[in-house]
Amino acid sequence: MPAQMSPVEQRAPGRWQLGTVTSIKEETPRVKSFRIKLPMWMPHLPGQHYDVRLTAPDGYRAQRSYSIASSPLDEGEIELTMDRLEDGEVSPYFHDVVVEGDEVEVRGPFTSYFVWRGERPVLLVGGGSGVVPLMAILRHRRRTMPELPMRLVYSVRNADDVIYKDELGDDAVLTFTREPPEGWSGHTGRIDGGLVDHADLDSGTAFVCGSNGFVEAATDLLLGAGFSPERIRTERFGPTG
């Protein structure tokens, strides 16, 4: 791992702890980011996740896993970005009830092979809320090795679904699968071979995250573009569109 990456040893996650929500940002009409200050913070690798647990007055517990969106350089806190699922048990509570200053129960970071350790070059391919762990990678690269070739290819349905819209720069390319914004001159439709070829990063490592269908389709495209299977890392979320 390059020295700039501040090597992190993957180890067993810490015990459950109460973190304090310090800020809440509405990313889209159904996605919010929560900054959480942790009393027992430990550095993570871009791509790892935390578990979040809610306990009802009658003792019933609901637990879900959420990827970390923040860079490991954000010492003392993490950012979790949550897509509100109407039939969910955790995300609606965060979206509708949690306010700044509330305490929430979390545990992590959890070990995963879906982590960036400084490999170069890197192609990030995300669909919907699958962009969350990819943003952790992109944010960390911008702060540690900005010269490293990295490109995010991000697929969303329409303009209201773009997460982190104010952070997408020259190292990211968007495609709208359903309804592009007015005046849009960029790519429309699903991610295709042209977008992958345009990234010109077929000699590196690819990280793919999204729904099952998205991951399968994107992986096939990457294999067709010359990526070998061992250089493709995938993470699958629930339905994200």
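Residues numbered from 1 in each chain as written. Predicted model: local features only at pLDDT ≥ 70, side-chain atom pairs only at ≥ 80, totals over all residues. Heavy atoms only, no water.

*Asks:* For this particular structure, what's the right way to read the environment of E26?
*Replies:* Along the polypeptide, E26 turns up in strand β1 (residues 17-28). C-alpha separation for the pair E26 and M82, spaced 56 residues apart in sequence, amounts to 9.9 Å. Ignoring any residue separated from it by four or fewer positions in sequence, one finds E26 in contact with V31 and K32. (Helix = DSSP H or I, 4+ residues; strand = E, 2+ residues; numbered from the N terminus. Contact = heavy atoms within 4.5 Å.)

*Asks:* Can you help me understand the layout of surface pockets in this one?
*Replies:* Rolled over the atoms, a probe sized like a water molecule indicates the empty space that remains. Empty space within the second largest pocket amounts to approximately 260 Å³. Around the second largest pocket, the lining is made up of 13 residues, and of these S155, T177, R190, I191 and F214 lie nearest the centre. Secondary-structure elements contributing two or more residues to the lining of the second largest pocket are β8 (150-158), β9 (172-179) and α4 (212-224). (1 Å grid on protein atoms, 1.4 Å probe; cavity = no way out; pocket = protein on both sides within 12 Å on 5 of 7 lines; lining within 4 Å. Points joined across faces, edges and corners; volume = space filled by probe spheres on them.)

*Asks:* So what exactly am I meant to see when it comes to the nonpolar core here?
*Replies:* Soluble globular proteins: nonpolar side chains tend toward being buried together. Among the nonpolar cores identified, the biggest contains 26 residues, and W116, L124, M150, L152, Y154 and F207 are the most heavily contacted of them. Every element with two or more residues in this core is listed here: β7 (122-127), α2 (131-144), β8, β9 and β11 (205-210). With six residues, α2 is the largest single contributor of residues to this core. Setting aside chain neighbours within four positions, we find Y154 in contact with G126, G128, V131, D161, V162, I163, L168, V173, L174 and T175. Judged by nonpolar contacts, the second largest core, of 18 residues, contains L54, A62, V90 and V104. (Core = buried A, V, L, I, M, F, W, Y, C linked by side-chain atoms within 4.5 Å. Buried < 20%, exposed > 50% of the residue type's maximum accessible area, 1.4 Å probe, protein only.)

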